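Below are the chains, spelled out letter by letter.
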Amino acid sequence: VKFVAFDVLYEEFEPRLGLPFTESRRILERILAKHELPELMLSYGVPASGKALYQKACKQGREGVVAKRLASTYASGKRNGAWTKIKRRLRIQVAVIGFIEKPVDDFTCLLVAGSSLPGEQPGPLLYLGRGVGGFTAALRARLDAVLREHPRKESRLKCPERGKWIEPGLYC
């Protein structure tokens, strides 16, 4: 297990929060160079074109990148746009096999299945997990009606969830 340091907030009990990232980074590099701690490492920083670096990270299978404005200061507990985490989004088509019901006419989440994840060979249809976000109130109401129009007594495949099942035909 390694601890990855990416910024320094204090040095010798003095705050460094108001320093630009480039300056606090130099302080952190100096501090880490003085100490040989194999469990502590400096984050990897690459001043480069953000889009090209993001595409390279995705090709390497990484989660994404963190983009930072080099002149920005640390904003404790605040989002100001100077530091942005850009995650890789994997998109796959899945079959909706059911949903978790709320007490009122609504659903908590969709239960989805697919034949593979990105980068894998297609195989038999397997339960993949829950789909929970991105629904507007209007879409949620329409989707809830569609889900209830096609009920099924049991799941067509092995699924650990206790949901309401639907007939095949709904994909996302």
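Rules of the game
- Residues numbered from 1 in each chain as written.
- Predicted model: local features only at pLDDT ≥ 70, side-chain atom pairs only at ≥ 80, totals over all residues.
- Heavy atoms only, no water.
- Helix = DSSP H or I, 4+ residues; strand = E, 2+ residues; numbered from the N terminus.
- Buried < 20%, exposed > 50% of the residue type's maximum accessible area, 1.4 Å probe, protein only.
- Contact = heavy atoms within 4.5 Å.
- 1 Å grid on protein atoms, 1.4 Å probe; cavity = no way out; pocket = protein on both sides within 12 Å on 5 of 7 lines; lining within 4 Å.
- Points joined across faces, edges and corners; volume = space filled by probe spheres on them.
- Nonpolar A, V, L, I, M, F, W, Y, C, P; charged D, E, K, R; others polar.

### Re the environment of Ile92
- Tracing the backbone through its elements, the reader meets Ile92 in the loop between strand 6 (83–87) and strand 7 (95–101).
- By relative accessible area, which is 31% here, Ile92 ends up partly exposed.

### Concerning the side chain of Ser43
- Turning to its location among the elements, Ser43 is positioned in the loop between strand 4 (40–42) and helix 2 (50–59).
- Among the residues examined, Ser43 registers a relative accessible area of 15% and is labelled buried.
- Each residue touching Ser43, except ones within four places of it in the same chain, is listed here: Val4, Ala5, Phe6 and Arg25.

### So, the layout of surface pockets
- Reported here for the largest pocket is a volume of approximately 1500 Å³.
- Residue lining of the largest pocket: 42 residues in total, with Tyr44, Val65, Val66, Ala67 and Lys68 positioned closest to the centre.
- When residues of the lining of the largest pocket are traced back to their parent elements, those giving at least two are helix 1 (21–34), strand 4, helix 2, strand 5 (64–68) and strand 6.
- In terms of residue class, the lining of the largest pocket is made up of 21 nonpolar, 12 polar and 9 charged.
- Approximately 780 Å³ is the volume found for the second largest pocket.
- Forming the boundary of the second largest pocket are 22 residues, of which Ile92, Val94, Val112, Gly131 and Cys172 lie nearest the centre.
- Looking at which element gives the most residues to the lining of the second largest pocket, the answer is strand 9 (residues 126–131), with 3 residues.
- Considering only residue class, the lining of the second largest pocket consists of 16 nonpolar, 3 polar and 3 charged.

In short, geometric facts, not functional conclusions.
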